[in-house]
Protein chains: 2
Amino acid sequence: MSTDKITVLLNWAANPYHIPLYLAQKLGYFRDEGIAVALLEPSDPSDVTEIIGSGKIDLGCKAMIHTIAAKARGFDVTSIGTLLDEPFTGVLYLKSAGKITEDFSSLKGKRIGYVGEFGKIIIDELTSHYGMTPADYTAVRVGMNVADAIKRGTIDAGVGLENIQQVELEEWSESQGRGRDDVGMLRIDELADLGCCCFCSVLYIGNDKFIKENPEKVRAFLRAVKKATDHVLAHPEKAWGQYVEMKPVLGDELNKKMFDRSLIYFSRNLGNVQRDWTKVTNYSRRLGVTDLNYTQNCTNEYLPEEGRGWPAEPVGGLFHEMPVLILIHQKHTPRLPKVATALTKRRL
Amino acid sequence: MSTDKITVLLNWAANPYHIPLYLAQKLGYFRDEGIAVALLEPSDPSDVTEIIGSGKIDLGCKAMIHTIAAKARGFDVTSIGTLLDEPFTGVLYLKSAGKITEDFSSLKGKRIGYVGEFGKIIIDELTSHYGMTPADYTAVRVGMNVADAIKRGTIDAGVGLENIQQVELEEWSESQGRGRDDVGMLRIDELADLGCCCFCSVLYIGNDKFIKENPEKVRAFLRAVKKATDHVLAHPEKAWGQYVEMKPVLGDELNKKMFDRSLIYFSRNLGNVQRDWTKVTNYSRRLGVTDLNYTQNCTNEYLPEEGRGWPAEPVGGLFHEMPVLILIHQKHTPRLPKVATALTKRRL
């Protein structure tokens, strides 16, 4: 017997920033849109694009760089919107351990934790700019357990988000009597001269065949999560209480703090952002993840009106001049401001 | 692009009794068997058989009564083994609340929490034996949040397992200064004259088409989880430490206690047990979930040698005399001992 239930696989164990998906379920927004949704959590984030891309799961969430990498590897996924916009991402460490400093070169000889394959690629590329090779540090694949591995001391540093792993480490450091300031982050966007943390923006993604065959379901899904996002932003305290009723395991101070820190990152219109896609496409090239044959796998056409606009058509081909423009721009503005959009709007 | 990854959907958020699945992953037992597995967690346990039965997910876990009910509804799932054998299951409540006693009739007028649809069917049937109708109590669907809802006071009682929700409530009661003994359980097996909690045995299940097309993968999967189960039983402390490394969220005293209480329930040979299947098939009939057309959807043929044996062939048809025999037997032995196997071995 078949089912009409849409399967949706999260990018990570359910955490505070997944609140729009869970409230769309709890508050009946999916049902009101005439769809039934099963929210699933992964055990290994590295499974997500492969499973969705092969069509075993319909929709899900994933960071932009992984969404691009998946397409480049032949997995049929497309971004249909944005959940979390440019969360600060970087290499987290404890200052008191005395091993790592604000100088990236201090990572030499250290154990650096990463989530999955592309975290390793990113670190390898970063270290190359600082005269290091992968042999100069020990990369440790830790999946979702970056913060825990730092606490246990099995890694000296690890890649994480400002609103999730950094909060967890700060709370823990405080409980250990060392204070929140003991947690340091080497921001990847600054180190890599990216100008934004958009490579780590968390997107709503879908299997291409599913999207093509079920455009109305995809629209209904996005209308429901948009409505839930609006609710979260309008009534954050109430929304958090509703989420905790559904997910009691998140009902502690730590998760509330992660939620508070996540609020600024929620995409307001859920749109894929041209500027970000262009930068991350170029970054992916630099990482050797994509080549000139890559066509951007994102669309805003299924979003409610306010999130539509670019890209009407996915963009492929020549982005090769873009990094130069961005790098020149960034020398003067470490965190790329909106004005950069003007530069990137021209399709090169 | 397709994937060889086998998707496995748990029956519940990852908890201590899922340890064999996670250690089969962590310790490389799946890889050693030549298979790749993605472990997924549900947000709503009621999604599981529908998603697996429709073929959207390959394998998973589910309680016996739900596995039977799914088949009866036309979802193509079959049990291929047993994870957890007869965990005590019942209606949990706090004695100090002064509302519910050891007399089942005390549930009248109360708010009773249940997980999904079949929990409601079970409670409705139980209450009918005590002169109540569904109108005599308020059923509240709480999904995976039974213990939390009791703590919050949004329900007066709720269906849960001795090794999971009861442990959580006991720990909480102690932290509230009321002691563990404040937690009471009305055992469903005793109330319903079942003679075992096998209706709640947690099984390894699979989609029928997937099983038929991938018999060697199913065998490899079961060999790997059997090996992990052996490891857990031989070295429980070490195994627990390994699991917590993988799932730090379980790294507290509460989950360790749940693990300790779960140890006796792990199926040693992973076999489906004829006695249990017969009783639960009859119970399903009594609940109106199945009829005479139902053929038992379980097989031991994919298990390692020691778990094989019955049933070589699924059993269908006439089980109608069985409940009588069991009920007679139970009058003398509240918790049905092994000797009952002799009675049920004859296929009626």
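The preceding data block contains the structure.
The notes below deal with the structure included here. Not measured: the values here are computed from a predicted model.

Quick word on the pairing of strand 1 (residues 6-9) of chain A
Residues in a regular strand point their side chains to alternate faces of the sheet. All names here are of chain A. Side chains Ile-6 and Val-8 of strand 1 all project onto a buried face; the interleaved residues Thr-7 and Leu-9 project onto the opposite face, where all are buried too. For strand 1 and strand 3 (residues 59-63), the ladder comprises two bridges, and the chain directions are parallel. Opposite Val-8, over in strand 3, you have Leu-59 as the bridge partner.

Details of the pairing of strand 6 (residues 111-114) of chain B
Residue and element names in this part refer to chain B. The pairing of strand 6 with strand 7 (residues 138-141) spans four bridges and is parallel. Bridge assignment links Gly-113 to a residue of strand 7, and that residue is Val-140. One ladder, built from two bridges, connects strand 6 with strand 8 (residues 157-161); its direction is parallel. Bridging across to strand 8, Gly-113 finds its partner in Gly-158.

Details of the state of the cysteines
Inspection of every chain in the model, using the stated rule, returns two disulfides over all chains. In this model Cys-196 of chain A forms its disulfide with Cys-198 of chain A; the gap between the sulfur atoms is 1.8 Å. Since its relative accessible area comes to 1%, Cys-198 of chain A is described here as buried. A disulfide-free cysteine, Cys-197 of chain A has its sulfur positioned 6.9 Å from the sulfur of Cys-196 of chain A, the nearest such atom. Of all cysteine sulfurs, the one in Cys-200 of chain B lies closest to Cys-61 of chain B, which takes part in no disulfide; the gap is 13 Å. Taking relative accessible area as the criterion, Cys-61 of chain B reaches 0% and is therefore assigned buried.

Focus on the sheet that holds strand 6 (residues 111-114) of chain A
All names here are of chain A. Strand order across the open sheet formed by five strands is 7-6-8-5-9, with mixed pairing between neighbours. The open sheet is flanked by strand 7 (138-141) and strand 9 (183-187), the only strands paired with a single partner. Averaged over neighbouring strand pairs, the angle between their axes works out to 35° when direction is ignored. As paired strands, strand 5 (residues 89-94) and strand 8 (residues 157-161) are joined by five bridges and run antiparallel to one another. Following the sheet pairing, Val-91 is matched in strand 8 by Val-159.

What counts, and where the lines are drawn
Residues numbered from 1 in each chain as written. Chains lettered and ligands numbered in written order. Predicted model: local features only at pLDDT ≥ 70, side-chain atom pairs only at ≥ 80, totals over all residues. Heavy atoms only, no water. Buried < 20%, exposed > 50% of the residue type's maximum accessible area, 1.4 Å probe, protein only. Helix = DSSP H or I, 4+ residues; strand = E, 2+ residues; numbered from the N terminus. Pairing = 2+ DSSP bridges. Disulfide = S-S within 2.5 Å. Axes fitted to C-alpha atoms, helices over the stretch in contact; angles between N-to-C directions.

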